[in-house]
Amino acid sequence: MTDDVEGCREALKRCPLGHSDRLLSLNDLAASLRDRFWERHGVQSDLDESIELHRDALLLRPLGHPDRSISLNNLAASLGDRFRQRGVQSDLDETFRLFPQLSNISHAVSRADLAAAKSWIIFAEETNHSSALVAYQTALKFLDQHVTLLSSSSRHFDAVKMATASLAVDAFLCSIRHGKLKIAVELVEQGRAVFWTRLARFRTTLDELSVARNTGTALAEEFKQLSFGLRKVFDQSAEDHSPQICQLNMQWDDVVSRIRMLPDFSRFLLPPLFSDRQKASQEGPIIITNASQYSCDALIVLSDQDPVHVPIDITRSGVSELSSEFQSVAEQFGCSDRQNKLVGILRKLWHDIVDPVVEALTGPYERGRDNLSQIYISSYTPTLATLIRARKQVSQHSSSQHFVAIGQGNPGKGKELKCVAPELAVVAERLKPVVSSFTSLEDSDATVQACHGMPNRQQSFESSFAMRDGPLMIKDIILSNWHNPEFAFLSACHTTVGDEKSLDESIHLAAAMQFSGFRSVIGSMWSVDDEIARQVVSAFYEKLIDDSGRLDCTRAAVALHRAVKKLRRNNVPLEQQIISFVYVSARYFSPMHCNAEIIDLIRRQKASHNLVAHQGRNCSKVVP
């Protein structure tokens, strides 16, 4: 290590002030000294010299330089090391004078900018510094802008996962600690489902911009071209960018500024406001649950008042243990001893998570009143923005409807699904006339898929529907171009199962259908019995079709709600009753992996109580 330091020192001597490689040599020597400091167990002179070299490097990257955040982060990290060693307050103060400079970045955000903001978060949390919330806001703003520059291919998902790991959930909690509940909603919206949000942004915002007169069309095209150019540069991961990126940055800043001058585009690429997101609760309360490394919490978002905070008395590790236990039980559904274990898990979910939220929302249970599933219809959504966007996509009502039902009971691999044909027969009986062929799935208003669902929890974009001519994967669905589709019923197993290491991203088949344009999607959370799927479909379409024989997709949530309740009267196993199918919606929505039916089942296991609440409301929850 000493040889490395001396080699770097000699290289710096050959790079006097004004030399093009001086910045690189300063960084190399500073890094070598810092490494030697740790290797030699704290020789203070090495760390002191490293800090001075990083100060010199920062001077060579003034405000506005695209790589300033790298030098700023290096200096702040070294000052932080010295503060931990010596506890000198001036080092701490200087560190937190440096980090807030990140908030002033105006150029297109790079991975280095995001990394520096995350370093700010870590040090602010470690020292309990008052700037922690601003650090989270800055990091999520950077994340939002950086994702805008990524391509929509699945190969960028790993970069998104690295950037988003725990960021949104910890930002949510930090906001709650500061008593900023509206900001908590804004930040969790920014940091969840960022991959889908990026796709939706380019399918909606830029489309809207393109129709905003000729100026909007030109700006949309200019923005896309500049974003593509910056994306290519960032993908090269070069430490010292060429003058090309400086020019692209200036052009990108300019086109964003011009877009924001257009009517209705003043917040283009800016973080969402709570006032906009609160609109999602107009049809019923929204519950957001959050499991941070520091604590677990829930927020209830209502249409006419500030959010309500509900502390949850369970740790994130406790949630993980419940999840693992449930997965173990789910793999052996049908075994005689599994139902008692399932009931035990549901009781704990009720006691630790559901009950505090329900009591805050509706008050305690009392005898003689309506139970929860008579008051609320639960459904799920990845984000509030998803819900709002889906509601805006009003179908173009025409004299004819286009409905496609696809059944694949024997794709060549896997167990034969003997009830697929009867299931489709039920649909055909209720929807007449029926044609045997169609030209394009993308022209349908509604779709039903009856087949095997094949989840891939390690490579989520390869999760698929098993079809005879090959798997229909998420990465194929992403490339589709449906025209104002209303509704999809995914009568297949595991269609809401996503990447186990990035649950906040909701990369699963049902989400892919929703973000591809479907306003409402019904999917499954685990294996669904073939015969039970047929029963649910039969009961569901009985309620979905209006008196004129037309599909009324606005009835989907109520139709599924009633279909699942009907299963209880047919002696169906408990695991098939509790959200065999779930509603991922544009009309209502919900968090916790428990809906109103589950809560009632748990309630009957505990005691004969009923819930006090106003009737006729719709319950919506965001699953974290």
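This is a predicted model, so every value here is computed, not measured.

**Points about the nonpolar core**
Phase 1 of the analysis: Residues F99 and L102 are the most contacted members of the largest nonpolar core, which totals 37 residues.
Phase 2 of the analysis: Secondary-structure elements contributing two or more residues to this core are α3 (44-59), α4 (68-86), α5 (89-98), α6 (111-127), α7 (132-148) and α9 (167-177).
Phase 3 of the analysis: Of all the elements, α7 adds the most residues to this core, at nine residues.
Phase 4 of the analysis: If we ignore the near neighbours within four places in the chain, the residues touching F99 are L72, N73, A76, A116, S119, W120 and F123.
Phase 5 of the analysis: In terms of nonpolar packing, the next biggest core, distinct from the first, is built from 27 residues, A330, L342, I353 and V582 among them.

**Let's talk about unusual backbone geometry**
Phase 1 of the analysis: Positive phi is not limited to glycine here, since N128 has a value of about 55 degrees.
Phase 2 of the analysis: Structurally, the position occupied by N128 is in the loop between α6 and α7.
Phase 3 of the analysis: A residue is classified by how much of its surface remains accessible, and N128, at 68% relative accessible area, is exposed.
Phase 4 of the analysis: Even without being glycine, D264 reaches a positive phi, approximately 75 degrees.
Phase 5 of the analysis: As for its placement among the helices and strands, D264 is situated in the loop between α13 (243-260) and α14 (274-277).
Phase 6 of the analysis: D264 gets classed as exposed once you look at its relative accessible area, which sits at 80%.

**Some points on the packing of aromatic side chains**
Phase 1 of the analysis: Tallied over the entire structure, the rule returns 10 aromatic pairs.
Phase 2 of the analysis: Between F223 and F268 the ring centres are 5.2 Å apart and the planes differ by 75 degrees, which places this aromatic pair in the edge-to-face class. Of the two residues, F223 is situated in helix α12 (residues 213-235) and F268 in the loop between α13 and α14; the sequence distance between them amounts to 45 residues.
Phase 3 of the analysis: A residue is classified by how much of its surface remains accessible, and F268, at 5% relative accessible area, is buried.
Phase 4 of the analysis: Both rings, one in F487 and one in F540, keep their centres 5.5 Å apart while their planes meet at 25 degrees; by these two values the pair is stacked. Of the two residues, F487 sits in strand β11 (residues 487-491) while F540 sits in helix α22 (residues 530-544), which places them 53 residues apart along the sequence. With respect to burial, F487 and F540 carry one shared label: buried.
Phase 5 of the analysis: Joined through ring pairs, the aromatic side chains of F83, F96, F99, W120 and F123 make up one cluster.

**A short note on helix α16 (residues 338-362)**
An α-helical turn contains 3.6 residues, so a residue and the one three or four places further along point in the same direction.
Phase 1 of the analysis: Its maximal kink placed at V354, α16 deviates by approximately 50 degrees, while the proline P356 follows within four residues.
Phase 2 of the analysis: Among the residues trailing α16, G363 stands out with phi positive, at a value near 95 degrees.

**A word on the environment of E125**
Phase 1 of the analysis: Topologically, E125 is positioned in helix α6.
Phase 2 of the analysis: Taking the C-alpha atoms as reference, E125 lies 9.1 Å from C174; in sequence the two are 49 residues apart.

**Some words on the environment of F83**
Phase 1 of the analysis: With respect to the element layout, F83 can be found in helix α4.
Phase 2 of the analysis: According to the relative accessible area criterion, F83 is buried, its value standing at 18%.
Phase 3 of the analysis: Discounting residues that sit within four places of it in the chain, F83 has contacts with V88, D91, L92, F123 and T127.

**Observations concerning the side chain of E94**
Phase 1 of the analysis: Here E94 is to be found in helix α5.
Phase 2 of the analysis: Beyond its immediate sequence surroundings of up to four residues, E94 is in contact with R55, L75 and L79.

**Here's the deal with the packing of α9 against helix α10 (residues 181-191)**
Phase 1 of the analysis: It is the contact of α9 with α10, at a shortest axis distance of 8 Å, that shows an interaxial angle of 175 degrees. In terms of axis orientation, α9 runs roughly antiparallel to α10. Of α10, the residues touching α9 (which contributes A168, A171, F172, S175 and I176) are L181, I183, A184, L187, V188 and G191.

**Quick word on α5**
Phase 1 of the analysis: Residues of α5 that are buried include every one of D91, L92, E94, T95, F96 and L98, and no others.
Phase 2 of the analysis: In this structure, the buried side of α5 is in contact with α3, α4 and α6.

**A few points about the confidence of the model for the protein chain**
Close inspection of predicted coordinates is inappropriate for parts of the model with low pLDDT.
Phase 1 of the analysis: Scored by pLDDT, the protein chain comes out at a mean of 77, with 75% of its residues at no less than 70.
Phase 2 of the analysis: Within the protein chain, the lowest mean pLDDT, 26, falls on strand β14 (residues 610-611), and the highest, 97, falls on α5.
Phase 3 of the analysis: Counted against residues more than four places away or in other chains, residues 237-241, with its pLDDT under 50, gives nine contacts.
Phase 4 of the analysis: This stretch, residues 587-624, has a pLDDT under 50; its non-local contacts, to residues over four places away or in other chains, come to 175 contacts.

**Here we look at the pattern of salt bridges**
Phase 1 of the analysis: Enumeration over the complete set of coordinates arrives at 19 salt bridges.
Phase 2 of the analysis: Of the charged contacts, one joins K182 and D306 as a salt bridge, the two residues approaching to 3.4 Å between their closest N and O atoms. Of this pair, K182 sits in helix α10 while D306 sits in the loop between β2 (296-301) and β3 (308-312), and the two are 124 residues apart along the sequence.
Phase 3 of the analysis: Salt bridges sharing common partners tie together R34, D81, R84 and E126.

**What to know about a negative patch on the surface**
Phase 1 of the analysis: Residues D3, D4, D35 and E39 make up a contiguous surface patch of negative charge.
Phase 2 of the analysis: Listing elements by their share of the negative patch, those giving two or more residues are α1 (2-13) and α2 (22-39).
Phase 3 of the analysis: Inspection of the secondary structure assignment puts E39 in helix α2.

The rules behind each value
- Residues numbered from 1 in each chain as written.
- Predicted model: local features only at pLDDT ≥ 70, side-chain atom pairs only at ≥ 80, totals over all residues.
- Heavy atoms only, no water.
- Core = buried A, V, L, I, M, F, W, Y, C linked by side-chain atoms within 4.5 Å.
- Buried < 20%, exposed > 50% of the residue type's maximum accessible area, 1.4 Å probe, protein only.
- Helix = DSSP H or I, 4+ residues; strand = E, 2+ residues; numbered from the N terminus.
- Contact = heavy atoms within 4.5 Å.
- Phe/Tyr/Trp six-rings, centres within 6.5 Å; stacked < 30°, edge-to-face > 60°.
- Bend = angle between axes of the 7 residues up to and from the residue.
- Axes fitted to C-alpha atoms, helices over the stretch in contact; angles between N-to-C directions.
- Parallel < 35°, antiparallel > 145°, perpendicular 65-115°, else oblique.
- pLDDT = per-residue confidence, 0-100.
- Salt bridge = Lys/Arg side-chain N within 4 Å of Asp/Glu carboxyl O.
- Patch = residues over 30% accessible without salt bridge, like charges linked within 9 Å, V, L, I, M, F, W, Y side chains within 5 Å.
- Areas by Shrake-Rupley, 256 points an atom, 1.4 Å probe, with all protein chains shown as cover.
- Lys, Arg positive; Asp, Glu negative; His and termini not counted.
- Charge placed at Lys NZ, Arg CZ, Asp CG, Glu CD.

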